[in-house]
Amino acid sequence: MEIKKTSLNKLHQDNKAKFVEFAGYEMPIQYSSGIIEEHKFTRSNSGIFDVSHMGQLFIYGDDNLTNDLEKIFPLDLKNLKLNSSKYSFLMNDKAGVYDDLIITKLEEGFLIILNAACKDNDFKILSNLLKNKYKMVLDDQRSLIAIQGPKSVEILNLILKTVADLNFMSGNWFTYKGQKLYVTRSGYTGEDGFEVSISNELVEVFTKELLKNGAKLIGLGARDTLRLEAGLCLYGHELGTETTPVEANLKWAISKERLNNGGFIGSKNIISQIKDGAKKIRVGIKPEGRLIAREKTKIYNESEQIIGEVTSGTFGPSVNGPIAMGFVDQEFSKKETKILLEVRGKKYPANICGLPFYKKSYVKGAN
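Overview of the structure.

What counts, and where the lines are drawn
- Residues numbered from 1 in each chain as written.
- Predicted model: local features only at pLDDT ≥ 70, side-chain atom pairs only at ≥ 80, totals over all residues.
- Heavy atoms only, no water.
- Helix = DSSP H or I, 4+ residues; strand = E, 2+ residues; numbered from the N terminus.
- Buried < 20%, exposed > 50% of the residue type's maximum accessible area, 1.4 Å probe, protein only.
- Contact = heavy atoms within 4.5 Å.
- Areas by Shrake-Rupley, 256 points an atom, 1.4 Å probe, with all protein chains shown as cover.
- Lys, Arg positive; Asp, Glu negative; His and termini not counted.
- Charge placed at Lys NZ, Arg CZ, Asp CG, Glu CD.
- Arc of directions from axis to C-beta.
- Core = buried A, V, L, I, M, F, W, Y, C linked by side-chain atoms within 4.5 Å.
- Axes fitted to C-alpha atoms, helices over the stretch in contact; angles between N-to-C directions.
- Parallel < 35°, antiparallel > 145°, perpendicular 65-115°, else oblique.
- Left-handed = near helix turned anticlockwise from the far one by under 90°.
- Nonpolar A, V, L, I, M, F, W, Y, C, P; charged D, E, K, R; others polar.
- Pairing = 2+ DSSP bridges.
- Salt bridge = Lys/Arg side-chain N within 4 Å of Asp/Glu carboxyl O.
- Disulfide = S-S within 2.5 Å.

**Remarks on the overall build of the chain**
Link 1 in the chain: Secondary structure summary: the chain contains nine helices and 20 strands in total.
Link 2 in the chain: Burial analysis of the chain (367 residues in total) assigns 56% to the buried set.
Link 3 in the chain: Put simply, of all contacts in the chain between residues at least 6 apart along the chain, 66% involve residues at least 24 apart.
Link 4 in the chain: Counting every atom, the chain has about 16,800 Å² of accessible surface; 48% of that belongs to carbon and sulfur.
Link 5 in the chain: Here the chain contributes 51 positive and 45 negative side-chain charges, whose respective centroids are spaced 3 Å apart.

Spelled out as structure tokens, the structure:
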């Protein structure tokens, strides 16, 4: 299959990006300054991430659509306010996760942001579950860029007046050069920021304007170190069809009202795990010393019995040390529990710790 390119591909090339193939797309992993500098710049200033490979699914419908989506997602969509967003999951009958996603209430229906590697399968699953009753558009005519970091609000507000008035996890339509674009105050870095859905034809001009105002292009490498410091899950690592939201320590994302009544796909297993406890649980891990424990590193208890596995691990530039997340048997999930990590045949000491590793800086109320 031919590798796909986003509408910002030429801009990435002009900025000397190093590319990797990701979910069928040629994507920038880093630029000339390198991952650590890009990471630090996002934490202190404003980074631009091209996330146009992700799926933008518009589903159009009325109250019937809301009712039908509540049978699928563990959300209280009836009470979701217009232009408000929620993090959620598309699950199988056993509450294994097909995808984690952001769903936003629009006047004419919902916008669901899907992971790049999952979007086509998600579309098929949702089409079948909704019995093709509604108009569904997986819109590849729109790009998606994330502007993240403490200076993002002032930079974006120079281009889109009043964008600073948005609250965290809310959005609205704005006009740019005569076209409508949709902006949500959200992101995947632990910083204040925005995600902008904009037409493919305008995205390069818009991004260049952000660059002119002081933002910088940031690659997927720093996106990964930023999200890991913020304790955020990555599909295919912390989440998958063999893992439930409860096991992934994400039960906060499931509506309390829905937990009382169930009625969504996977609800039986979710309610059972919340009541009885899950056998395994996602935890933060701090290796002692400078050891970096990568994905699939085996985790042992002090008696050298295997109790779990690392799902993501890296050097955290903002915390200046190695960090990791993984799953361990429930009995070993308490903070400060001493564990061992097996790297290249040797076992090294580490500790279970709380998440996130780096304090999130989301803006809770802008107005």
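**Here's the deal with helix H9 (residues 267-276)**
Link 1 in the chain: Here H9 has its buried residues at Ser 267, Ile 270 and Gln 273. Each buried residue of H9 sits inside an arc of 135° when the element is viewed along its axis, so together they form one side. Opposite the buried face of H9, by more than 90 degrees, sit the exposed residues Lys 268, Lys 275 and Asp 276.
Link 2 in the chain: Residues of H9 that are buried sit in contact with strand E6 (85-91) and helix H8 (256-261).
Link 3 in the chain: Phi turns positive one or two residues past the end of H9, at Gly 277, with a value near 90°.

**Let's talk about the nonpolar core**
Link 1 in the chain: Ranked by internal contacts, the top residues of the largest apolar core, which has 27 residues, are Leu 156, Leu 160, Leu 181, Val 183, Val 196, Phe 206 and Leu 210.
Link 2 in the chain: Every element with two or more residues in this core is listed here: strand E10 (142-148), helix H5 (152-159), strand E11 (171-176), strand E12 (179-184), strand E13 (193-199) and helix H6 (200-212).
Link 3 in the chain: With near-sequence residues (within four places) excluded, Leu 181 lies in contact with Arg 142, Leu 160, Asn 172, Trp 173, Phe 174, Tyr 176, Val 196, Ser 197, Ile 198 and Phe 206.
Link 4 in the chain: In terms of nonpolar packing, the next biggest core, distinct from the first, is built from 21 residues, Phe 73, Leu 90, Ile 125 and Tyr 134 among them.

**A short note on the packing of helix H2 (residues 35-44) against helix H7 (residues 220-229)**
Link 1 in the chain: Look at H2 against H7: their axes get within 8 Å of each other, and the N-to-C directions meet at 55°. Comparing their axes, H7 and H2 come out oblique. When the axes of H2 and H7 are compared, the crossing they make is right-handed. Where H2 abuts H7, its residues Ile 35, Glu 38, His 39, Thr 42 and Arg 43 lie against Gly 221, Ala 222, Thr 225, Leu 226 and Glu 229.
Link 2 in the chain: Here the contact of H2 with H7 is built from residues that sort into three nonpolar, four polar and three charged.

**A few points about the sheet that holds strand E7 (residues 97-106)**
Link 1 in the chain: The strand order across the open sheet formed by five strands is E6-E7-E8-E5-E9, and the pairing between neighbours is antiparallel. Of all strands in the sheet, those bounded by a partner on one side alone are E6 and strand E9 (135-138). Across the sheet, the axes of successive neighbouring strands diverge by a mean angle of 25°, strand direction being ignored.
Link 2 in the chain: Taken together, the four bridges between strand E5 (residues 55-60) and E9 define a ladder with antiparallel strand orientation. Residue pairing across strands places Ile 59 opposite Met 136, the latter belonging to E9.

**Quick notes on the pattern of salt bridges**
Link 1 in the chain: Counted by the stated rule, this structure contains 15 salt bridges.
Link 2 in the chain: A salt bridge links Arg 43 to Glu 191; the nearest nitrogen and oxygen atoms lie 3.0 Å apart. Separated by 148 residues along the polypeptide, Arg 43 in helix H2 and Glu 191 in the loop between E12 and E13 bring together distant segments of the chain. The residues Arg 43 and Glu 191 share a single accessibility class, namely buried.
Link 3 in the chain: For Glu 288, the salt bridge identified is with Lys 338, shortest N-O distance 3.9 Å. Here Glu 288, found in the loop between strand E15 (280-287) and strand E16 (298-300), pairs with Lys 338, found in strand E19 (residues 338-343); they are 50 residues apart in sequence, far enough to count as distant.

**Quick look at the pairing of strand E17 (residues 306-316)**
Along any regular strand the residues' side chains alternate between the sheet's two faces.
Link 1 in the chain: By the criterion of burial, E17 is predominantly enclosed, with eight of the eleven residues buried.
Link 2 in the chain: Relative to E17, E16 runs antiparallel, the two sharing three bridges. When the bridges of E17 are listed, Tyr 300 appears paired with Ile 306.
Link 3 in the chain: Bridge count between E17 and strand E18 (residues 321-329): eight bridges; the pairing is antiparallel. In the sheet register, Ser 312 faces E18, and the bridge partner there is Met 325.

**Side note on the environment of Met 91**
Link 1 in the chain: Counting through the fold element by element, Met 91 comes out in strand E6.
Link 2 in the chain: Here Met 91 falls in the buried class, since its relative accessible area comes to 1%.
Link 3 in the chain: For Met 91 and Leu 114, which are 23 residues apart along the polypeptide, the C-alpha to C-alpha distance reads 13 Å.

**A word on unusual backbone geometry**
Link 1 in the chain: Here the bond from Leu 355 into Pro 356 is cis, since omega is 0°, no more than 30 degrees from zero.
Link 2 in the chain: By the element assignment, Pro 356 lies in the segment after strand E20 (346-353).
Link 3 in the chain: You will see that Arg 344, though not glycine, has its phi angle at about 50°, which is positive.
Link 4 in the chain: Relative to the assigned elements, Arg 344 resides in the loop between E19 and E20.
Link 5 in the chain: Arg 344 sits in the exposed class, given a relative accessible area of 77%.

**Details of the state of the cysteines**
Link 1 in the chain: One pass over the structure, following the stated rule, counts zero disulfides.
Link 2 in the chain: Just so you know, Cys 233 is unpaired, no disulfide at all, and the nearest cysteine sulfur is the one on Cys 118, 13 Å from it.
Link 3 in the chain: Judged by its relative accessible area of 6%, Cys 233 falls in the buried class.
Link 4 in the chain: In this structure Cys 353 is not part of a disulfide, and its nearest cysteine sulfur, from Cys 233, lies 14 Å away.

**So, the environment of Leu 90**
Link 1 in the chain: Relative to the elements of secondary structure, Leu 90 occurs in strand E6.
Link 2 in the chain: The residues contacting Leu 90, other than those within four sequence positions of it, are Ile 72, Phe 73, Gly 96, Val 97, Tyr 98, Asp 99, Leu 101, Asp 122, Ile 125, Leu 126 and Leu 129.

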